[in-house]
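Architecture and fold: a report
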Amino acid sequence: MEFVSPEGLRLDGRRPTEMRQLRAEIGNVAKADGSAVFEMGNTKVIAAVYGPREVQNKSQQMSDQALVRCEYSMANFSTGDRMRKPKGDRRSTEISLVIRQTMEACILTHLMPRSQIDIFVQVLQADGGTRSACINAATLALQDAGIPMRDIVTSCSAGYLNSTPLLDLNYVEDSAGGPDVTVDKVIYVDFALNGRVKASVLWDLWLYFGSYGLKET
C-alpha cells in the first residue's frame, strides 16, 4: 500500500511533516475541578480532573506529596469495533500508567501533601494518536483545575512508512506495522504570564523530537 503519493501527499492529503488540525476546549465537565476536550484530526478525547482532595484510601496517603491517580478508557463507540472491551484490560492499564507517570513528573505534588488528584481520560473517537491526545487533554485539564505544575507537556506521534518519516499518524498509518514513536515534550512556560505557547513552538519541538526518536528506533 502506498502511504505517500508521488506528489508527496499522504492518504488524507497531508504532507509527511504536516500535523492534523488541533482543537481544544476547557471547562466541559461542570462537576469536575478541571476538564478539557482535545482533538487531533478525527481523534477526540475528554479529560476530567478532581482534586486536590482528601485521600480516599488512607493507606495510600503520603505525608510529603500528593497522590496522583489516572484512569484511561475508550468509549465502546469510539471505533468501528463493536466488541465490548473489559474494563482494566492490559492496554488500558499500560496507558493509564504512562499518563499518570507523565503528569506526576510535572505536577508540584510536594505543595499538596496528604491529598489526592484523580485524572480521568476517555477516548470518544479514535483515529490514531490516542495516547498523545490523552496526554494533551490531561495537561489542559490540570491547568483548568489550577493544579500547580512546573511545566506543561505536549505529545505527538511519528512513524516511518515506505522509507518516509511521517508526523502525527492516523489510524491507517499507525496500523500499517511500521516503526513508530510517541514523543512527550516538556515545555517550560511562565504561568504568571498566560500559560500559552505559540503553535509554531510546539510544531518545532514535535518535529525535532519525533525525528530524533525515529533515528533511535
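Residues numbered from 1 in each chain as written. Predicted model: local features only at pLDDT ≥ 70, side-chain atom pairs only at ≥ 80, totals over all residues. Heavy atoms only, no water.

As for the packing of aromatic side chains
In this description, a pair of aromatic rings is defined by centroid distance and the angle of the planes. Basically, it comes down to this: In this scheme Phe, Tyr and Trp rings, the latter by its six-membered ring, pair at centre separations within 6.5 Å, and the angle between planes marks the pair as stacked below 30 degrees, edge-to-face above 60, and tilted otherwise. Strands are runs of DSSP state E lasting at least 2 residues, helices are runs of H or I lasting at least 4, and numbering of each runs from the N terminus.
If you walk through the whole model with that rule in mind, you get one aromatic pair. Arranged with centres 5.9 Å apart and planes meeting at 80°, the rings of Y50 and F120 form a pair that is edge-to-face. Remark: F120 occurs in strand β5 (residues 115-125) and Y50 occurs in strand β3 (residues 43-54); sequence separation between them is 70 residues.

Quick word on the nonpolar core
Our working definition: Throughout this description, the term nonpolar core refers to a set of buried Ala, Val, Leu, Ile, Met, Phe, Trp, Tyr and Cys residues connected via side-chain atoms within 4.5 Å. Note on exposure labels: buried denotes an accessible area under 20% of the residue type's maximum, exposed denotes more than 50%, and partly exposed covers the range between, all computed with a 1.4 Å probe on protein chains only. Residues are treated as being in contact if the distance between any of their heavy atoms lies within 4.5 Å.
Among the nonpolar cores identified, the biggest contains 37 residues, and I99, M103, I107, I117, I119 and L142 are the most heavily contacted of them. Elements with a minimum of two residues in this core: β2 (34-40), β3, β4 (67-74), α1 (90-104), β5, α2 (130-144), β6 (152-161) and β8 (180-187). If you tally residues by element for this core, the top one is α2, at seven residues. When near neighbours in sequence (up to four residues on either side) are disregarded, I117 contacts V49, Y50, P52, A66, L67, V68, R69, I107, M112, L142 and I147. Among the nonpolar cores identified, the runner-up in size contains five residues, and V4, L161, L166 and L169 belong to it.

A few points about α1
Going by this rule: The length a helix should cover is 1.5 Å for every residue beyond the first. Summarising the geometry, the arc corresponds to the directions from the helix axis toward the C-beta atoms.
A rise of 1.5 Å per residue sets the reference length of α1, with its 15 residues, at 21 Å; its end C-alpha atoms lie 21 Å apart and thus fit the reference within 8%. Within α1, the full set of buried residues consists of S92, I95, S96, I99, T102 and M103. Within α1, the buried residues cover an arc of 135° as seen down the axis, which keeps them to one side.

Regarding the packing of α1 against α2
Spelled out, the test is: Simply put, an axis is a line fit to the C-alpha atoms, just over the touching stretch for a helix, and the angle between two N-to-C directions goes from 0 to 180 degrees. Angle categories: roughly parallel below 35 degrees, roughly antiparallel above 145, roughly perpendicular from 65 to 115, and oblique for all the rest. Put simply, a crossing is left-handed when the front helix is turned counterclockwise from the back one by less than a right angle, and right-handed when it is turned clockwise. Gly counts as polar in this scheme, as do all residues outside two lists: the nonpolar Ala, Val, Leu, Ile, Met, Phe, Trp, Tyr, Cys and Pro, and the charged Asp, Glu, Lys and Arg.
Put simply, α1 and α2 touch, their axes get as near as 10 Å, and they point 40° apart. Relative to α2, the element α1 lies oblique. Once α1 is placed against α2, the crossing between them reads as right-handed. Listed contacts from α2 to R91, I95, V98, I99, T102 and M103 of α1 are T130, R131, C134, I135, A138, T139 and L142. When grouped by side-chain class, the residues that make up the contact of α1 with α2 number eight nonpolar, three polar and two charged.

Some remarks on unusual backbone geometry
Omega for the bond connecting G51 with P52 falls within 30 degrees of zero, at 0°, which places this linkage in the cis form. Along the chain, the position of P52 falls in strand β3. Positive phi values are uncommon outside glycine, yet N162 reaches one of about 50°. Following the sequence through the fold, N162 ends up in the loop between β6 and β7 (164-167). A relative accessible area of 47% places N162 in the partly exposed class.

Considering the sheet that holds β5
How we decide: Pairing between two strands is assigned when DSSP locates at least 2 bridges connecting them.
Spatially, the five strands line up as an open sheet ordered β1-β2-β3-β5-β4, and their pairing is mixed. If you trace the sheet from one side to the other, it starts and ends with β1 (22-26) and β4, each paired once. The mean inter-strand angle of the sheet, taken between neighbouring strand axes irrespective of direction, is 15°. The pairing of β4 with β5 spans eight bridges and is parallel. Paired with Y72 across the bridge in β5 is V121. Contacts from α1 reach β4 and β5 within the one sheet, and its direction differs from that of β4 by about 140°. Those strands touched by α2 are β1, β2, β3, β4 and β5, and its axis lies near 150° from that of β2.

Shape descriptors only; they carry no functional weight alone.
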